[in-house]
Amino acid sequence: MTGMDARDAQLGDPELKKELAATLHARRELGDDYESALVDSFLEKVDQRIDGAVDRRVRRQVAEQQMVVARGSRSPDKSTDTWGERYGFGVVSLVVAIPLSGIGGGVADLPGLFVTWAGIVGVNMAWALHGSSLLRRRGGKSGEPGWEE
């Protein structure tokens, strides 16, 4: 919002309209000699209103940002993972598990099959836990939010 837009929005305020009417009435009574002082006084009141509105808006935005940071950079009403992210990895890993099972079982028989499936289960567990609080720590030093050394 530009300065003119803010001033136009502030003129919708009934108190500010009364101030403008009083300033114009005083100007008519006092004459041109006091016009500059009256206009400066009115503009100072408008500036104070604008400053107050901007201060409230900045405080609200800072508070919202602090809430987002306090919640671990996640908004409670917006989920960061989609169905594809949640289940796609599991589906792909099961599709890839078929040839890997054949290779592991063919090369090392039953122990090879166990090692292959232990790896598949381990990778899927790591993917499932990657966003959970079990792996995430607060106050990052490593450059990534939520991780610490």
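Residues numbered from 1 in each chain as written. Predicted model: local features only at pLDDT ≥ 70, side-chain atom pairs only at ≥ 80, totals over all residues. Heavy atoms only, no water.

A. Examining the overall build of the protein more closely. From N to C terminus, the protein includes four helices and zero strands. Counting only carbon and sulfur atoms, one obtains 61% of the accessible surface of the protein, whose full area is about 11600 Å². (Helix = DSSP H or I, 4+ residues; strand = E, 2+ residues; numbered from the N terminus. Areas by Shrake-Rupley, 256 points an atom, 1.4 Å probe, with all protein chains shown as cover.)

B. Examining the packing of helix α2 (residues 14–30) against helix α3 (residues 35–70) more closely. The N-to-C vectors of α2 and α3 enclose an angle of 170°; their axes lie 9 Å apart at closest approach. On the basis of the axis angle, α2 is roughly antiparallel to α3. Residues Glu 15, Leu 16, Glu 19, Leu 20, Thr 23, Ala 26, Arg 27 and Leu 30 of α2 form the contact with α3, whose own contacting residues are Glu 35, Leu 38, Phe 42, Lys 45, Val 46 and Arg 49. Counted by class, the contact of α2 with α3 contains seven nonpolar, one polar and six charged residues. (Axes fitted to C-alpha atoms, helices over the stretch in contact; angles between N-to-C directions. Parallel < 35°, antiparallel > 145°, perpendicular 65-115°, else oblique. Contact = heavy atoms within 4.5 Å. Nonpolar A, V, L, I, M, F, W, Y, C, P; charged D, E, K, R; others polar.)

C. Up close: the pattern of salt bridges. Enumeration over the complete set of coordinates arrives at five salt bridges. The closest approach of N and O atoms between Asp 32 and Arg 27, which form a salt bridge, is 2.5 Å. Judged by relative accessible area, Arg 27 falls into the partly exposed class, the value being 29%. Three or more residues joined by partner-sharing salt bridges are found here, namely Arg 27, Asp 32 and Glu 35. (Salt bridge = Lys/Arg side-chain N within 4 Å of Asp/Glu carboxyl O. Buried < 20%, exposed > 50% of the residue type's maximum accessible area, 1.4 Å probe, protein only.)

D. The arrangement of the packing of aromatic side chains in detail. This structure, assessed with the given rule, holds one aromatic pair. Seen in terms of ring centroids, Phe 89 and Trp 127 are 4.8 Å apart; in terms of plane orientation they differ by 25°. Their pairing is stacked. Taking relative accessible area as the criterion, Phe 89 reaches 29% and is therefore assigned partly exposed. On the basis of relative accessible area, Trp 127 is assigned to the partly exposed category, the value being 33%. (Phe/Tyr/Trp six-rings, centres within 6.5 Å; stacked < 30°, edge-to-face > 60°.)

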